[in-house]
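In case you want the letters, here they are:
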Amino acid sequence: MDDIESLALGAWILGTGGGGNPYLPLLNMRALYKEGHRIQLIDAADLADDDWVGTVANMGAPLVGQERLIDSLTLARAVSVMEKHIGKRFAALMSMEIGGANGVRPLMAAAHLKRPIVDSDTMARAYPELQMTSVAIGGLKPCPVSVVDVRGFESIVHKVPTWKWAERVARKICTEYGASAATCQPPRTGAEVKEWGIHGTVTKAMTLGAAVREAQRRHDDPIAAILEVEPGKLLFRGKVTDVQRRAAEGWLRGVVRFDGFDDWRGSQMSINFQNEWIVSFRDGEPLAMTPDLICVLNSDTGEAVGSETIRYGQRVTVIALPPPDIFLSPKGLEHVGPRAFGYDLDFRSVFSA
């Protein structure tokens, strides 16, 4: 269970503001462990090429997810609905996105279904849309997708021509469900996971979380601890001065603004978000942008601050972490670069400056 505590904290950092706060899934996992459930973590290399793998995630606006809770049995049902639809049993489950609560939720389903979890995902962070994944960049099949909710609703997006259509249709269903739903993404074979998954991300989140927890225990600087285990870059320190957000079309959208402290005194930063932190500006000029990971952290604890929980007066530190190489490719940038979110900006990494 200690590893899952670290996983939740690290996944929240990798969530880049989105993926949902993992605190409630962590409470679920504590309860499941008390009941005797255990989770096995396996490498993608352990999969047979013809194994089938279920990819689990919650869909919706993080703010709504704080009020309309997704329980472990509902997540497991999303998987079972998919297995029934395709007529196959999954050998293992994995995260669609290691970021935020979606880094922990597959474990909730795995506990009930008694399946191992693959140490891989398809984002190495959180992103708001289905086409923003390594498997979409790889051109793998975008369907079927199961969408279920706590009231017993069950839908299958059986056939769509593209990943963007999968996103549009599944998002519309999710919005009708009340902007929160459990999903099982298009089934993947072991061969596809090995070729197109982003590997070691569960372990990476655990390592990040363990570093922060140890720094907290020692009363050391948790931000420095993160930057010791990840090749990140310090971008800004300051105080939240304004938050504008709204839940619309199944997402949480808005902008947050900060006034600088210390070396950044007299400077301002703003970050635009669509569930996740997408583009940051310092004194009106673009600074960091997707696919670089923009992480807003509590300056005292090193724990992440999400787009649904950030509030006026918080003291925060903003860092950037490097993305996986697949998102830096020309096709990757088509899927997750700033233009994919509607910003008229050419991607420029803070790590190339």
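That block above? That's the structure.
Residues numbered from 1 in each chain as written. Predicted model: local features only at pLDDT ≥ 70, side-chain atom pairs only at ≥ 80, totals over all residues. Heavy atoms only, no water.

Novice: Explain the pattern of salt bridges here, please?
Specialist: Two side chains with opposite charge may pair up if their charged atoms get near one another. With the rule as written, the count across this model stands at 14 salt bridges. Two residues, Glu-230 and Lys-204, come together in a salt bridge whose shortest N-O distance is 3.6 Å. Remark: Lys-204 occurs in helix 9 (residues 201–218) and Glu-230 occurs in the loop between helix 10 (222–229) and strand 10 (233–248); sequence separation between them is 26 residues. Residue classification places Lys-204 among the partly exposed residues on the basis of a relative accessible area of 25%. Salt bridges here are not isolated pairs; linked through shared partners, they connect Glu-214, Arg-217 and Arg-218. (Salt bridge = Lys/Arg side-chain N within 4 Å of Asp/Glu carboxyl O. Helix = DSSP H or I, 4+ residues; strand = E, 2+ residues; numbered from the N terminus. Buried < 20%, exposed > 50% of the residue type's maximum accessible area, 1.4 Å probe, protein only.)

Novice: How should the packing of aromatic side chains be read in this particular structure?
Specialist: By convention here, two paired aromatic rings are described through the distance between centres and the angle between planes. Scanning the entire structure with this criterion turns up 5 aromatic pairs. The interplanar angle of 55 degrees and the centroid separation of 5.4 Å between the aromatic rings of Phe-153 and Tyr-177 together place this pair among those described as tilted. Highlighted residues: Phe-153 in the loop between strand 6 (145–148) and strand 7 (154–157) and Tyr-177 in helix 7 (residues 163–177), separated in sequence by 24 residues. By relative accessible area, which is 40% here, Phe-153 ends up partly exposed. A relative accessible area of 7% places Tyr-177 in the buried class. Their ring planes at 50 degrees and their centres at 6.3 Å tell us that Phe-236 and Trp-264 sit as a pair that is tilted. Taken as a pair, Phe-236 in strand 10 and Trp-264 in the loop between strand 11 (251–260) and strand 12 (268–274) lie far apart in primary sequence, 28 residues in all. Summarising the burial analysis for this pair, Phe-236 and Trp-264 share the class buried. (Phe/Tyr/Trp six-rings, centres within 6.5 Å; stacked < 30°, edge-to-face > 60°.)

Novice: What exactly am I supposed to notice about helix 7 here?
Specialist: Along its 15 residues, helix 7 runs 21 Å from first to last C-alpha, staying within 8% of the 21 Å computed at 1.5 Å per residue. Listed in full, the buried residues belonging to helix 7 are Trp-163, Ala-166, Glu-167, Ala-170, Arg-171, Ile-173, Cys-174 and Tyr-177. For helix 7, the arc enclosing every buried residue in end-on projection is 160 degrees, short of the 170-degree limit, so these residues lie on one face. Structural note: helix 7 exposes Lys-164, Arg-168, Lys-172 and Glu-176 on the side pointing more than 90 degrees away from its buried face. On its buried face, helix 7 is in contact with strand 2 (52–60), helix 6 (134–137), strand 6, strand 7, strand 8 (180–189) and strand 11. Among the residues trailing helix 7, Gly-178 stands out with phi positive, at a value near 110 degrees. (Expected span 1.5 Å × (residues − 1). Arc of directions from axis to C-beta. Contact = heavy atoms within 4.5 Å.)

Novice: What am I meant to see in a nonpolar patch on the surface here?
Specialist: The grouping of Tyr-23, Leu-24, Leu-27 and Leu-69 at the surface amounts to a nonpolar patch, some 350 Å² of accessible area in total. If you trace the backbone, Leu-69 turns up in the loop between helix 3 (62–65) and helix 4 (72–86). (Patch = residues over 30% accessible without salt bridge, like charges linked within 9 Å, V, L, I, M, F, W, Y side chains within 5 Å. Areas by Shrake-Rupley, 256 points an atom, 1.4 Å probe, with all protein chains shown as cover.)

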